[in-house]
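Observations on the three-dimensional arrangement
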Amino acid sequence: MTPPDPADRASSPGPAGGKKFPDYVPPTKVHYDGAKPPTVHLRRCKLVTQVAGRAREHVFDKSTITVGAMEDNDLIVSDDTVSRYHCRIVQEETAYLLVDLGSTNGTFINRVRIKEAYLKPGCTIGLGNTEVKFHAADEKVEIVPSRKEKLGAMIGRHLKMRELYAVLEKIAPTSTTVVIEGETGTGKEVVAQTIHQLSPRATGPIMVFDCGAVPDNLIESELFGHEKGSFTGAIMTRQGLFEMAHGGTLFLDELGELPLDLQPKLLRALEQREIRRVGSNKPIKVDVRIIAATNRNLEEEVRAGRFRQDLFYRLSVVRVFLPPLRDRIEDIPLLIKHFLADAAYNKKPDGSQKITQVSRAAMDLLQAYKWPGNVRELVNTVERAASFGEHDIIEPRDLPETVRGEEAAPRSPSAAAALAGSMPMQSMPDSDSTFKDAKEKWVSSFERDYIVTLLKKNKGNISHAAREADIDRKYFRKLMRKYGIEGGGGDDDESETIP
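The structure reproduced in this document is the subject of the present report. Note that the coordinates shown come from a computational prediction; the quantities given were computed from them, not determined experimentally.

Across the sheet, 5 strands lie side by side as 5-4-6-7-10; this open sheet has mixed pairing. Across the chains shown, the open sheet's two edge strands, defined by having one partner strand only, are strand 5 (75–76) and strand 10 (116–118). Pairing of strand 6 (residues 87–91) with strand 7 (residues 96–100) involves 5 bridges; the strand directions are antiparallel. Within strand 7, the residue paired with Q91 across the bridge is Y96.

Under the defined criterion, the tally for this structure stands at 21 salt bridges. We note a salt bridge from K285 to E274, for which the minimum N-O separation is 3.6 Å. Note that K285 is positioned in strand 19 (residues 284–285) and E274 in strand 18 (residues 274–275), a separation of 11 residues in sequence. Relative accessible area serves as the criterion here: at 16%, E274 is assigned to the buried category. Put simply, D364 and R360 hold a salt bridge, and the shortest N to O gap is 3.0 Å. A residue pair is termed a helical-turn pair when its members lie 3 or 4 positions apart in one helix, as D364 and R360 do in helix 9 (residues 360–368) at 4 residues. Here D364 falls in the partly exposed class, since its relative accessible area comes to 42%. Since its relative accessible area comes to 52%, R360 is described here as exposed.

Take the packing of helix 8 (residues 332–342) against helix 9 next. For any two helices packed against each other, the geometry is given by the interaxial angle and the distance between the axes. Direction vectors running N to C along helix 8 and helix 9 enclose 115 degrees, while the axes themselves pass 10 Å from each other. In the crossing of helix 8 with helix 9, the sense of the turn from one axis to the other is right-handed. Contact residues: helix 8 offers I332, P333 and I336, while helix 9 offers M363, L366 and Q367. Across the contact of helix 8 with helix 9, the residue classes tally to 5 nonpolar, 1 polar and no charged.

Thresholds applied
- Residues numbered from 1 in each chain as written.
- Predicted model: local features only at pLDDT ≥ 70, side-chain atom pairs only at ≥ 80, totals over all residues.
- Heavy atoms only, no water.
- Pairing = 2+ DSSP bridges.
- Helix = DSSP H or I, 4+ residues; strand = E, 2+ residues; numbered from the N terminus.
- Salt bridge = Lys/Arg side-chain N within 4 Å of Asp/Glu carboxyl O.
- Buried < 20%, exposed > 50% of the residue type's maximum accessible area, 1.4 Å probe, protein only.
- Axes fitted to C-alpha atoms, helices over the stretch in contact; angles between N-to-C directions.
- Left-handed = near helix turned anticlockwise from the far one by under 90°.
- Contact = heavy atoms within 4.5 Å.
- Nonpolar A, V, L, I, M, F, W, Y, C, P; charged D, E, K, R; others polar.

So yeah, pure geometry; function would need other evidence.
Structural data, given as structure tokens:
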């Protein structure tokens, strides 16, 4: 009962009865890119056991199901003839694979002992003196756009957003892995937080790891932890993010930045649901849902050899695309209303709003702009307008020159003086450049000015500036190095300042 080569499954007979693998239940998978109405295949595995003469059903939607006598298995079998970790069932592209884990009394399918074999719906799995019936079900659901204009912390009434809400509401209650794709600044971390909040893991932790903000030689330790003395500087044993996220969610931001040599270790953790700390041979079981985000096209990265194909398929159970702000311009008034109502920078001492509305002329400019920095740029634009506006209405003169374009109007002397010591205004990108080059140049200029302004505002304290920017201190320092901004060393404390 040797499993066929995955490349041949479409034409190879199944493990029993001569069936073709396409007749098996397809995996839970959706790729929502906003181009057409999405359809979700909800794939579930049902295991039926007999306890005291009564049938008990256990339904799973996980990609890996462990079976054994120990309490940390997904299916616990109280039978002295069943090993502590007896076998596991793995959800593959077109079928379920049963793998024996070196059990003492063996694993059987329809009374035939196996090491690895594909499961046919309705077959019987033998574990010592216990028999388990295997069933699989596939529910094909066409996504109907939600009527909501908000889901969790996500804001928007555009059709693409409401379709995305419907997809997230379907997949959030499951344990399925999700990859969020989209441009920088579109709010991928907000999507991850929303999925976590809508899941049964909401009471558990959500840990965030930026794959591009940590030096390559420290990534393994950050993710999996390390033992004391395992490398220079490891003065104490430390848990990694996988352990810290146990029972919750681990969000891997900028997944496309993960070095190629570390990708097999992440794949192994996903498949086996266990990790090993650096410097240790002891496996540690973890129960973690993975949500990843990237602004790269992972399919192109796979073709270019920069991302492992097997890791791509393991992660891409559900892929959703977060549209750029320029594709949902009609959401801008709703987003601004939300920012003004909730943001601390728009509050008076008595709690009322300083800015209550946006003039028609200013809104026309905001909706005509292309927003290369997406929602993140909009947030910064609204904060600046609220900080330097002279009245309770945002006018065109309160907007950056990049947004105003040719409609720029001079500010009053008082407003100009206030702005002189604040974040520098950005010039219009060079129209003779390609869109990509002009965008990268503008974003780089914005990032540098933003970092310098925050450091000045916080008197050079890097930790305080990073907290105000709501980004990881290591990533803040990475941006400083990127743009040649000098800063002091030290730990995350009051002494970490720049001149």
